[in-house]
Amino acid sequence: MTATERTHPPILKVANAAISYETRYGDVEAVRDVSFDVHRAQTFGVVGESGCGKSTVAFGIVDFLGPNGKIVGGSIKFQGQELVGRSQEELRKLRGDQISMVYQDPMQALNPSVTIGDQLAEVLTVHRGIPKDEAWKKSINMLDRVYMPDSANVMNRYPHQISGGQQQRVVIAMALLNNPALLIMDEPTTALDVTVEAVVLDLIEDLKHDFDTAIVYITHDLGVVARVCNFVGVMYAGEMVEVGSVESIYGNPLHPYTQGLMRCVPKLGATKESSILYPIRGRVPAPKDRPKGACIFAPRCDYATDRCYNEKPSLRQIEAGHNARCFYSEEIDAEGWEPPKGLVPEITPVVEEAEREPIIRLQNLKTYYEQESSSLLSLVGAAEPMYVKAVDDVSLEVPPGKTLGIVGESGCGKSTLAKTIIGLETPRSGEAEFLGFDITAPVSQRDVDLIEELQMVFQNPDSTMNPSYSVGQQIGRPLRRFKAVPGDQVRQEVIRLLNAVRLDGSYYSRLPRQLSGGEKQRVGIARAFASRPDLVLCDEPVSALDVSVQAAVLNLLMEIQNEYDTTMMFIAHDLSVVRFFSDYVAVMYLGHLVEIGPAEEIYAPPYQPYTEALLSAVPIPDPTADQKHIRLSGTVPSALNPPSGCVFHTRCPRRDLLPDGGKICELETPPWQYNSEEHRIYCHIPIEELRKMEPVVTSR
Amino acid sequence: MAVSEQTMPETAAQPSRLKRLWEGLSIIFESKIAVIGLIIILFWIFVAIFAPLLTPYTPTEQDYTAQNQGPSVKHPLGTDSLGRDLWARLIYGARVVLVMLPVTDTFWLPLGTAIWGVLLGLLVGSTLGLMGGYLGGWVDEVVMRLLDAMMAFPVVLLYMIIIAAVGASATNVVLAIAIVGTPGIARLVRSLTLDIRTRDYVRAAEVRGESPWYIMFVEILPNARGPIIVDAMLRVGYAIFAMGTLGFLGLGLPPPSPDWGSMVAKGRQYILSGSPWAALWPSVAIGSLVVGLNLFADGLSEESTRYQ
């Protein structure tokens, strides 16, 4: 803390706050003993896994806890005034227009039937009584300050007419219109694509300086925290377990939970061979099961002693400005940590066999969706049909036993590609071969023996299992259907599969609603592997999971792949996870493959310009890492009418490398350039030029 | 309800099944109105089942010495114009509605006419709704437009057309209730299907290459059961109402069988001459049963959505 900060009182001072909710089981304490200060022009990050009370803290500050929630202890001081224990009316006066909030989903924060201009101007006319046209001018001004392109025109549009990133910018502009002293942001970039997220994060970074605002930033993403925050509070099970500056928390985590979290996150620089993810064993206790008078993390802690179970540690200063809630912070040496036995799988490296034939081969695959037109001509069948080119001209192959990661922003055709391979969509043209068999036919026309070899793991843990049937029935179904084992052995086989995904036999008769998200995802994996398929498609299997659970599920997938020698196609938007998990990586943009090759070559120069932009947008959980600053302008064009030539030319930041500003990019489709036998790049820029690029990320 | 039951694959271990059933039932007791509704319904089911033990008379027994009487010790609810005991006619009338379906003079099925009508409607309506919602395309267009056309007819008119065409008997009333109920059930099931078909577990089944019928009846239907059961409760109420209407119009069960609707129709002419009893009691019976079913359905849907 600098001297000036010390002389000014904090904007927000939370001391020992406790918040509880009334439920059917009595009062449940969701948050207890939370203390932190936020100063002017500072961003305080609150991180933690889902259900640990981050959002409850935010809602507690503005008292939006709902009818059943209340602050039961401690104090929350805003600009020196106590907020706890005041009536709604007093709070409204105290808060006035001084606290603003930004939520996760911009579409829910904006009124879809009112123009953006009216929504923005209303903030000023209602709160400040400013005349309408002056408010309008100020709103345009504010949109400019959040870097909204074409701000005067945007004022007349409706929220659905602008992109998600722009919507979030409007929400932030709205929050800033009153020049609040405190801005609370609850996962403001979680719903956005990585390239859009990067732009919004840059904006948030600038806000601190431009507006002199104190920001409370709530997120689950350690990478985002490292990028935008000055100070960080780590929450676990409703308590703040560690508070400190971002450098000290990432450089020298003091609490075993923070240390565990850091070990769970795949680093962008890490490869499958060089890094291991260490999940935190056990799971976060439910609010009603949290131990009283003991360290809440003790059951999952590797350093726990009897004292931890009998006495509650307090948040105490370990280093200057760095506090942790642990008895042994001084003694614990995070570097010397040894994983307990059985925490991570022992992967035996696959012995490289002589060149094996690719297990799956796609050649110029195209999947189009016909767009229904509402014109009169189309009614009589005379209109030219319109197509959404979801997958356009994709060629790739995967060697057996390897993993191909497919990355790209939402709407780039990753999922359609998976659906085409699995047979839920029929390709319009092109070839697709799997084990030498043609797989362009829909799944209903495929042979059962072929279906059996091609299975899928899904994204959403809450809908991957049918809520009406028990775990055993659902894993047993593919076994029965494909006659993988004789009928009387199905039960044993199911239990064996459950054990393989680290669940014990007692899960056999449980219903999905009795399982946690990670457990459901494990059952989904067991179901996909039940028929011992040769190829498993994973569609964002960990994106909905918390980091510690994510690490466990990724380890599990790797272990099973190793055991069954399965080939995998792994679709994800998180480039760090893909790097960690894949042998090969394919990058997609607007239905096209733009780069494919071995993972380590994708993450090092030469890059396709889009890959470069993606990599420079990834939030890295390391505040000291150097990352190139490349931001894409504009939005992804419509796949209904993709740009001519190279599909990326409308947003490409590297066209200036070509003579006359890359005229050729608009006119001709680029050639495939080979960097190595397996690594090819779809770009007009000569490979020699691309090779000269600097690496995007360099760790110091 | 019956449909989902039939298509459940292997049943889970016995204790967990019972426990689950109990968990499902215990929701009812959370809601006061559901309990009140249930008590009314159970009262009518009870008197219908034990009708012969609850009255010394038969519903057709005439006593010419006691016509159009008010309640007395001998006749607890009074008598009608032919001297028949109203209590006996009322509770025997409940039998046809709730606990038995006379197919021929000598053969009858358990469960009442109203319930069979709704079950048949559920079977047909759910199948059509599932097909429309899951298969989509022209199947959806054809099925739903036909059902829309049926919905364009006023309900009473539709009942009268059907009964006039096939004749008045208990089985034909079942048929009429089913036909009239089908479009509404199909619409409900279709909308639920459209939602459920987007879930990952349906895609997982498609990836396994399961047949559309398996997906519709095994993967989708059981997860739509909550709203379907609530809707079915309400529909049993409508069906009882419809049976009353048909009986009143002379299209119900042939006399002298104790039919609530025709009891009202016959008793109606004596209301102003000082004997309202013959018309009053069956009206109260129909009203209370419909209200009971509505309360029960309301409470059930309220509680089941609260814990989802």
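Residues numbered from 1 in each chain as written. Chains lettered and ligands numbered in written order. Predicted model: local features only at pLDDT ≥ 70, side-chain atom pairs only at ≥ 80, totals over all residues.

1. Concerning the overall build of chain B
Logical step 1: Looking only at helices and strands, chain B features 14 helices and 2 strands.
Logical step 2: For the C-alpha atoms alone, the extent of chain B along its principal axes is close to 75 × 45 × 35 Å.
Logical step 3: Sorting the 308 residues of chain B into buried and exposed places 45% on the buried side.
Logical step 4: Looking at chain B alone, contacts between residues at least 24 apart form 66% of all its contacts between residues at least 6 apart. (Helix = DSSP H or I, 4+ residues; strand = E, 2+ residues; numbered from the N terminus. Buried ≥ 20, exposed ≤ 12 C-beta atoms within 10 Å, placed from the backbone. Contact = placed C-beta atoms within 7 Å.)

2. Some details on the overall build of chain A
Logical step 1: Within chain A, the regular secondary structure consists of 25 helices and 26 strands.
Logical step 2: For 700 residues, the compact-globule estimate of 2.2 N^0.38 gives 27 Å, and the C-alpha radius of gyration of chain A, at 27 Å, lies within 12% of that figure.
Logical step 3: Projected onto the principal axes, the alpha-carbon positions of chain A cover approximately 70 × 65 × 55 Å.
Logical step 4: Looking at chain A residue by residue over its 700 residues, the buried ones come to 49%.
Logical step 5: Counting only contacts in chain A whose residues sit at least 6 apart along the sequence, the fraction spanning at least 24 positions is 69%. (Rg over C-alpha atoms; globule rule 2.2 N^0.38 Å.)

3. Considering the interface of chain A and chain B
Logical step 1: Across the contact, 24 residues belong to chain A and 17 residues belong to chain B.
Logical step 2: Elements with a minimum of two residues in the side of chain A that touches chain B: helix H16 (448-452), strand E18 (454-457) and helix H17 (471-481) of chain A.
Logical step 3: The residue inventory of the side of chain A that touches chain B, partitioned by class, reads 10 nonpolar, 11 polar and 3 charged. (Nonpolar A, V, L, I, M, F, W, Y, C, P; charged D, E, K, R; others polar.)

4. Some thoughts on the nonpolar core
Logical step 1: The biggest cluster of nonpolar side chains holds 292 residues, and the ones touching the most others in it are Ala173(A), Val216(A), Leu554(A), Phe570(A), Ala114(B) and Ile177(B).
Logical step 2: Non-local contacts of Phe570(A), meaning those with residues more than four positions away in its chain, are made with Thr403(A), Leu404(A), Gly405(A), Ile406(A), Cys538(A), Val578(A), Phe581(A) and Ser582(A). (Core = buried A, V, L, I, M, F, W, Y, C linked by C-beta atoms within 7 Å.)

5. Brief notes about the pairing of strand E21 (residues 584-589) of chain A
Residues and elements named next belong to chain A.
Logical step 1: Burial of E21 is extensive: 6 of the 6 residues sit out of reach of the surface.
Logical step 2: Burial along E21 is two-sided: the residues Tyr584, Ala586 and Met588 and Val585, Val587 and Tyr589 are all buried.
Logical step 3: The sheet contact formed by strand E15 (residues 403-407) and E21 spans 4 bridges and is parallel. Of the residues in E21, the one forming a bridge with Val407 is Val587.
Logical step 4: Note that E21 and strand E22 (residues 592-598) share 6 bridges and pair antiparallel. When the bridges of E22 are listed, Val585 appears paired with Gly597.
Logical step 5: The antiparallel pairing of E21 with E22 creates a hairpin that spans 2 residues between the two strands, and Leu590 there sits at a positive phi of about 50°. (Pairing = 2+ DSSP bridges.)

6. Considerations on the pairing of strand E1 (residues 12-23) of chain A
It is a general feature of regular strands that their side chains alternate between the two faces of the sheet.
Residues and elements named next belong to chain A.
Logical step 1: As paired strands, E1 and strand E4 (residues 69-78) are joined by 8 bridges and run antiparallel to one another. Along E4, the bridge assignment pairs Ala15 with Ser75.
Logical step 2: Two elements, E1 and strand E2 (residues 26-38), share 9 bridges in a ladder whose sense is antiparallel. If you follow Lys13 over to E2, its bridge partner there is Asp37.

7. Focus on the domain arrangement of chain A
Residue and element names in this part refer to chain A.
Logical step 1: Here chain A is described as being made up of domain 1 (1-81 + 230-341), domain 2 (360-468 + 514-584) and domain 3 (604-698).
Logical step 2: Distance between the C-alpha centres of domain 1 and domain 3: 40 Å.
Logical step 3: Of the residues lining the interface, 6 residues belong to domain 1; the matching set on domain 3 comes to 6 residues.
Logical step 4: Taken together, the residues of the side of domain 1 that touches domain 3 break down into 4 nonpolar, 1 polar and 1 charged. (Domains from an automatic or database assignment.)

8. Some remarks on the environment of Gly321(A)
Logical step 1: Structurally, Gly321(A) can be placed in the loop between strand E11 (316-319) and strand E12 (322-324).
Logical step 2: In this structure, the C-alpha to C-alpha distance between Gly321(A) and Val243(A), residues 78 residues apart in sequence, is 8.1 Å.

9. So, the sheet that holds strand E20 (residues 567-571) of chain A
All names here are of chain A.
Logical step 1: Taken together, 8 strands build an open sheet; the order of strands is E18-E19-E20-E15-E21-E22-E25-E24 and the sheet is mixed. The sheet terminates laterally at E18 and strand E24 (672-674), the two strands that pair on one side only. Averaged over all adjacent pairs, the angle separating strand axes in this sheet is 20°, with direction ignored.
Logical step 2: The sheet strands contacting helix H19 (residues 517-529) are E18 and strand E19 (535-539), and the helix crosses E18 at an angle near 175°. (Axes fitted to C-alpha atoms, helices over the stretch in contact; angles between N-to-C directions.)

10. With respect to the confidence of the model for chain A
Logical step 1: In the predicted model, chain A carries a mean pLDDT of 85, and 93% of its residues have values of at least 70.
Logical step 2: The low-confidence segment residues 1-5 of chain A, where pLDDT is below 50, has 3 contacts with residues more than four positions distant or belonging to other chains. (pLDDT = per-residue confidence, 0-100.)

11. Considering unusual backbone geometry
Residue and element names in this part refer to chain A.
Logical step 1: For the peptide bond that leads from Pro605 to Pro606, omega is 0°, which places it in the cis range.
Logical step 2: Within the secondary structure, Pro606 is located in the loop between helix H22 (599-602) and helix H23 (609-617).
Logical step 3: Its identity is not glycine, yet Gln79 carries a phi of approximately 50°, on the positive side.
Logical step 4: Within the secondary structure, Gln79 is located in the loop between E4 and strand E5 (81-82).
Logical step 5: Phi is positive for Leu590, which is not a glycine, with a value near 50°.

12. Side note on the packing of helix H12 (residues 256-264) of chain A against helix H20 (residues 547-564) of chain A
All names here are of chain A.
Logical step 1: At their nearest, the axes of H12 and H20 sit 9 Å apart, and the two run at 45° to each other. Taken as axis vectors, H12 and H20 run oblique relative to one another. Helix-helix and strand crossings are classified by hand; for H12 and H20 the assignment is left-handed. Touching Gly260, Leu261 and Cys264 of H12 are Val547, Ser548 and Ala551, all from H20. (Parallel < 35°, antiparallel > 145°, perpendicular 65-115°, else oblique. Left-handed = near helix turned anticlockwise from the far one by under 90°.)

13. So, the packing of helix H5 (residues 116-128) of chain A against helix H8 (residues 164-176) of chain A
Residues and elements named next belong to chain A.
Logical step 1: Viewed as axis vectors pointing N to C, H5 and H8 meet at an angle of 20°, and their least axial separation amounts to 9 Å. Accordingly, the angle class assigned to the pair H5 and H8 is roughly parallel. As for how H5 packs across H8, the hand of that crossing is right-handed. Side by side, H5 and H8 meet where Ile116, Gln119, Leu120 and Val123 of the first sit next to Val170, Ala173 and Met174 of the second.
Logical step 2: Of the residues in the contact of H5 with H8, the class split is 6 nonpolar, 1 polar and no charged.

14. Some thoughts on H12(A)
All names here are of chain A.
Logical step 1: In terms of residue burial, H12 counts as a mostly covered element, since 8 of its 9 residues are buried.
Logical step 2: Buried within H12 are the following residues: Pro256, Tyr257, Thr258, Gln259, Gly260, Leu261, Arg263 and Cys264.
Logical step 3: Considering only its buried residues, H12 is in contact with helix H10 (222-228), strand E9 (231-236), strand E10 (239-245), helix H11 (246-251) and H20.

15. A word on the sheet that holds E1(A)
All names here are of chain A.
Logical step 1: Across the sheet, 4 strands lie side by side as E2-E1-E4-E5; this open sheet has antiparallel pairing. Only two strands of the sheet have a single partner each, and these edge strands are E2 and E5.
Logical step 2: Along the sheet face, helix H2 (residues 54-62) touches E1, E2 and E4 and points at about 80° away from the line of E2.

16. Points about H20(A)
Residue and element names in this part refer to chain A.
Logical step 1: The first and last C-alpha atoms of H20 sit 26 Å apart over 18 residues, in line with the 26 Å expected at 1.5 Å per residue.
Logical step 2: The element H20 is extensively covered by neighbouring structure, given that 13 of its 18 residues are classed as buried.
Logical step 3: Two residues or fewer past H20, Asp565 is found with a positive phi of approximately 55°. (Expected span 1.5 Å × (residues − 1).)

17. Considerations on the environment of Gln259(A)
Logical step 1: Topologically, Gln259(A) is positioned in helix H12.
Logical step 2: It is 9.9 Å that separates the C-alpha atoms of Gln259(A) and Asp333(A), two residues lying 74 residues apart in sequence.

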